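Chain by chain, the residues:
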Protein chains: 2
Amino acid sequence: MSKIPKILVVDDDPDIVEILRYNLSLGGYDVKSAANGKEAIKKAKIFLPEIILLDVMMPEMDGIEACSLIKEIPSLVNTRIIFLSARSEDYTQLSAFDAGADDYISKPVKPKILLKKIESIFKRLNKKNEEITLIDLGEVKIDRNSYLVYLKNKEIALPRKEFELFYLLASKPGKVFTRDEIMGKVWGSEVVVGDRTIDVHIRKLREKIGVLYFKTVKGIGYKFNQ
Amino acid sequence: MSKIPKILVVDDDPDIVEILRYNLSLGGYDVKSAANGKEAIKKAKIFLPEIILLDVMMPEMDGIEACSLIKEIPSLVNTRIIFLSARSEDYTQLSAFDAGADDYISKPVKPKILLKKIESIFKRLNKKNEEITLIDLGEVKIDRNSYLVYLKNKEIALPRKEFELFYLLASKPGKVFTRDEIMGKVWGSEVVVGDRTIDVHIRKLREKIGVLYFKTVKGIGYKFNQ
DNA sequence: GCAGCATTTAACAATTACTTAATATTGTAA
DNA sequence: TTACAATATTAAGTAATTGTTAAATGCTGC
């Protein structure tokens, strides 16, 4: 993601808008604001924010209604909406989620929590775009949704690391993944584990999926062959 | 929704009652009125309105007290209550919501705003009724309306958290829900509870519904299997 | 304020996943 | 072919996650 993430803040109380705007700006976001539901919808259409912070209680059009309307605008279907409210009862939460809310923060808003939430939403957004939930190679299928692998329609459950490794290799059949690449993507670049760890996992995969699928390229790494 | 929506207007000032009655009638609603809290409760029990407009300041029994009492009447639990008040301070709003109010309009009431609010409440009410309240997987049925679970036609009552967890997992059979996901959707993302809380609830479900339905995906989360 | 249930915590056990270490085997370049 | 570095194979050790209980805490209706 290269662009600066955009956030629209909607609250009828200018003080709250200012506090939020200040904190979010510090967090490096591109912030705009609106004072009510109507204005929010108008501005959102032009601004196209990734996230909208929406007060539940507002004059004229309340947040829940605004949320419903926003969710119906095609260019904003992927916009995440976070509600702000003084009440945190189940009732409100429920109708908020019915209206299409993605998260919920109760007032008074603590800047740290807010920023954390926003960050985690962006992380999720980016992840979603990268990830495909199903790799379908005919004989072999890998379903991230259920964390299952299908081999000739036989269902196989794999432990996490094996699954991730398999998923990585199968994401580009025929491509050779270097050990460094595998290490970085499956284990994370900070984790330090021994040389043999990858081999052992490959072995497990060969055992469970079939030897011929996993080709060693000596000195380089491994590749998956259909 | 085929019936004409019913609204009960409660205010000690006959002029205000008349204005509201006039505007709401134009809006196509079936309107009745009461002049104080006591009368309101009496009439509400018979009239069974979907919405009650309740003045906060009234002689004898104020709106907040009346609201609390109304919310305790079983046949009126689904009735939405909108407060009317000359004051719009936070203080009033808070105690109104504590009493179970669903919305709030400050006087002088602008007919347009009033009608819009009412309309949006009805829209929400209807939407809720339309929404899937029953998950039917054959052997297993989960009914949101009654908060009951049917297992091979045997009725099982679950406590709220267990129910919500079950409902979430069963909403997408086969999908693995991560612990974070479960936490966010069942507990709310702000709530902080210990690591073992989810496990304990899963355990209860396994105990009551059956072990084989709930699959652990170690390192990821849980999924429901039919 | 108390009874009864719901929910959470905490401590520990059990299980599973992951890593390592030791050794064997393989592929390849000289 | 030989030497040797890279990889394979095991089994065992270690770490991480989840399961289980019981007890503590919270909550709700009387």
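Right above here is the structure, for reference.
Here goes a summary of the coordinates provided. What you see is a predicted model, and the numbers here were worked out from it, not measured in a lab.

### Digging into the protein's contact with DNA strand D
Here's step 1: Near DNA strand D you find 20 residues, and of these A:Arg203, A:Thr216, A:Tyr222, B:Arg203 and B:Tyr222 are the closest.
Here's step 2: Counting only atoms of DNA strand D within 4 Å of the protein, the fraction found in sugar and phosphate groups is 61%.
Here's step 3: A distance of 3.3 Å separates a phosphate oxygen of DNA strand D from a polar side-chain atom of A:Arg179.
Here's step 4: Of all the secondary-structure elements, those providing two or more residues to the surface near DNA strand D are helix 8 (196-209) of chain A together with helix 8 (196-209) of chain B.
Here's step 5: Classifying every residue of the surface near DNA strand D gives four nonpolar, four polar and 12 charged.

### A look at the sheet that holds strand 10 (residues 176-178) of chain B
Residues and elements named next belong to chain B.
Here's step 1: Across the sheet, three strands lie side by side as 10-12-11; this open sheet has antiparallel pairing. Since the sheet does not close on itself, it has two edges, and those belong to strand 10 and strand 11 (214-217), each with one partner. Between one strand axis and the next, the sheet turns through 30° on average, direction left out of account.
Here's step 2: As judged from the four bridges shared by strand 11 and strand 12 (residues 221-224), these two strands associate in the antiparallel manner. Note that in strand 12 the partner of phenylalanine 214 across the bridge is phenylalanine 224.
Here's step 3: Sheet strands in contact with helix 6 (residues 160-171) are strand 10, strand 11 and strand 12, and its direction is about 70° off that of strand 12.
Here's step 4: Sheet strands in contact with helix 7 (residues 179-187) are strand 10 and strand 12, and its direction is about 75° off that of strand 10.

### A word on the protein's contact with DNA strand C
Here's step 1: Residues in close proximity to DNA strand C total 23 residues, the closest being A:Trp187, A:Gly194, B:Pro159, B:Trp187 and B:Gly194.
Here's step 2: Considering the 4 Å shell around the protein, atoms of DNA strand C inside it are sugar or phosphate in 69% of instances.
Here's step 3: Within the side chain of A:Trp187, one N or O atom sits 2.8 Å away from a phosphate oxygen of DNA strand C.
Here's step 4: Going through the elements one at a time, helix 6 (160-171) and helix 8 of chain A together with helix 6 and helix 8 of chain B are the ones with two or more residues in the surface near DNA strand C.
Here's step 5: Here the surface near DNA strand C takes five residues from helix 8 of chain B, the largest share from any one element.

### Observations regarding helix 7 (residues 179-187) of chain A
Residues and elements named next belong to chain A.
Here's step 1: All of the buried residues along helix 7 are Ile182, Met183, Val186 and Trp187. Down the axis of helix 7, the smallest arc covering the buried residues is 100°, so these residues share one side. Along helix 7, exposed side chains directed more than 90 degrees from the buried face belong to Asp180 and Lys185.
Here's step 2: Buried positions along helix 7 lie against helix 6, strand 10 (176-178), helix 8 and strand 12 (221-224).
Here's step 3: Downstream of helix 7 by a residue or two, glycine 188 has a phi angle that is positive, lying close to 95°.

Parameters and conventions
Residues numbered from 1 in each chain as written. Chains lettered and ligands numbered in written order. Predicted model: local features only at pLDDT ≥ 70, side-chain atom pairs only at ≥ 80, totals over all residues. Heavy atoms only, no water. Near = heavy atom within 4 Å. Polar contact = N/O pair within 3.5 Å; in protein donor to acceptor, adjacent residues only side chain to side chain. Helix = DSSP H or I, 4+ residues; strand = E, 2+ residues; numbered from the N terminus. Nonpolar A, V, L, I, M, F, W, Y, C, P; charged D, E, K, R; others polar. Pairing = 2+ DSSP bridges. Axes fitted to C-alpha atoms, helices over the stretch in contact; angles between N-to-C directions. Contact = heavy atoms within 4.5 Å. Buried < 20%, exposed > 50% of the residue type's maximum accessible area, 1.4 Å probe, protein only. Arc of directions from axis to C-beta.

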